[in-house]
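Spelled out from the first residue to the last, the chains are:
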Amino acid sequence: MSDRTPPFMFWAIAVVGLLWNLIGCWNYIVQTNPDAVAQMPDIYRLIVEQRPGWATAGFAISIYGGAVGAILMLLRRKISTGLLAVSLLGSLVTFYFTYRVLGIEPATLSAVLMSVALLVFATVAVRKNWLL
């Protein structure tokens, strides 16, 4: 294996990151469906319906930036780190809004932690020359 060939762990983490963010994309799309929102528990329905534009933008940036960043990581592109950093910022915006409304909410906290983990991993991958 050459120095630039990523190990299996690289591919596994990148795929998990992509799947995580694709689930987030699906969640975002569901929240744009009024029928689906009407089926949600009251507290979540109110959050979705009353969420300000900046919080919705943070959510979209977080998950779509993370998905594209993970795809670019699978394509072994250094630019993935930039998109994953933007995704982390979106996650922090979403966390801030959710924290103000609900306090620490596990799903939003896990999104921030996943964003941090993917960014750190991509940064390590750049140092190891796995990303070109």
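That block above? That's the structure.
Throughout this document, residue positions are counted from 1 along each chain, in the order its sequence is written. With the structure being a predicted model, the display of local features is reserved for residues of pLDDT at least 70 and the display and counting of side-chain atom pairs for 80 or more, all residues being used for whole-chain, interface and lining totals. Note: side-chain values were computed over all heavy atoms of the structure, leaving out hydrogens and water.

### Considerations on the packing of helix H3 (residues 42-50) against helix H5 (residues 80-102)
Two numbers describe how H3 lies on H5: the axes approach to 12 Å, and their chain directions differ by 130°. Here H3 is positioned oblique relative to H5, judged by the angle of their axes. The chirality of how H3 crosses H5 is right-handed. Facing Ile 43, Tyr 44 and Ile 47 of H3, the residues of H5 in contact are Phe 97, Val 101 and Leu 102. Residues are grouped as follows: Ala, Val, Leu, Ile, Met, Phe, Trp, Tyr, Cys and Pro are nonpolar; Asp, Glu, Lys and Arg are charged; every other residue, Gly included, is polar. Taken together, the residues that form the contact of H3 with H5 break down as 6 nonpolar, no polar and no charged. Interaxial angle, 0 to 180 degrees, is taken between N-to-C directions of lines fitted to C-alpha atoms, where a helix line uses only the stretch in contact. What counts as a helix is a DSSP run of H or I of at least four residues, what counts as a strand is a run of E of at least two, and both are numbered from the N terminus. By the definition adopted for this analysis, an angle is roughly parallel if under 35 degrees, roughly antiparallel if over 145, roughly perpendicular if from 65 to 115, and oblique otherwise. What makes a crossing left-handed is the near helix being turned counterclockwise from the far one by less than a right angle; a clockwise turn instead makes it right-handed. Contact criterion: two residues are considered in contact whenever any of their non-hydrogen atoms come within 4.5 Å of each other.

### A closer look at the layout of surface pockets
Grid spacing is 1 Å over the protein atoms alone, the probe is 1.4 Å, and a cavity is where that probe fits but cannot get out, while a pocket is an open set with protein on both sides within 12 Å along at least five of seven lines and lining residues have an atom within 4 Å of a point. Grid points are joined across faces, edges and corners, and a volume is the space filled by probe spheres set on the points. Taken as a whole, the largest pocket spans an internal volume of roughly 640 Å³. For the largest pocket, the lining is made up of 30 residues, of which Asn 27, Gln 31, Phe 59, Ala 107 and Thr 108 are closest to its centre. Secondary structure elements with two or more residues in the lining of the largest pocket: helix H1 (8-30), H3, helix H4 (53-74), H5 and helix H6 (106-127). The residue inventory of the lining of the largest pocket, partitioned by class, reads 15 nonpolar, 13 polar and 2 charged.

### Description of a nonpolar patch on the surface
Nonpolar side chains collect at one region of the surface, where Ile 43, Tyr 44, Val 101 and Leu 102 lie side by side and expose about 320 Å² of accessible area between them. Every element with two or more residues in the nonpolar patch is listed here: H3 and H5. Here Val 101 is to be found in helix H5. The cut-offs for exposure are 20% and 50% of the maximum accessible area for each residue type, with area from a 1.4 Å probe on protein chains only; residues under the lower value are buried, those over the upper are exposed, and the others partly exposed. Given a relative accessible area of 41%, Val 101 falls into the partly exposed group. Here the term patch refers to residues with relative accessible area over 30% and no salt bridge, with like charges joined within 9 Å and nonpolar side chains (Val, Leu, Ile, Met, Phe, Trp, Tyr) within 5 Å. Every accessible area reported is derived by Shrake-Rupley at a probe size of 1.4 Å, with residue values counting cover from the shown protein chains alone. We define a salt bridge as a side-chain nitrogen of Lys or Arg found within 4 Å of a carboxyl oxygen belonging to Asp or Glu.

### Comments concerning the nonpolar core
Residues belong to one nonpolar core when they are buried, are Ala, Val, Leu, Ile, Met, Phe, Trp, Tyr or Cys, and are joined through side-chain atoms within 4.5 Å. Among the nonpolar cores identified, the biggest contains 15 residues, and Phe 10, Met 73, Leu 84 and Leu 131 are the most heavily contacted of them. Mapped onto this core, the elements with two or more residues apiece are H1, H5 and H6. A per-element tally of this core places H6 first, with 7 residues. Those residues within four positions of Phe 10 in sequence are excluded, and the remaining contacts are Met 73, Arg 76, Phe 121, Ala 125, Trp 130 and Leu 131. Membership of the second largest hydrophobic core comes to 8 residues, among which are Leu 18, Cys 25, Tyr 28 and Ile 63.

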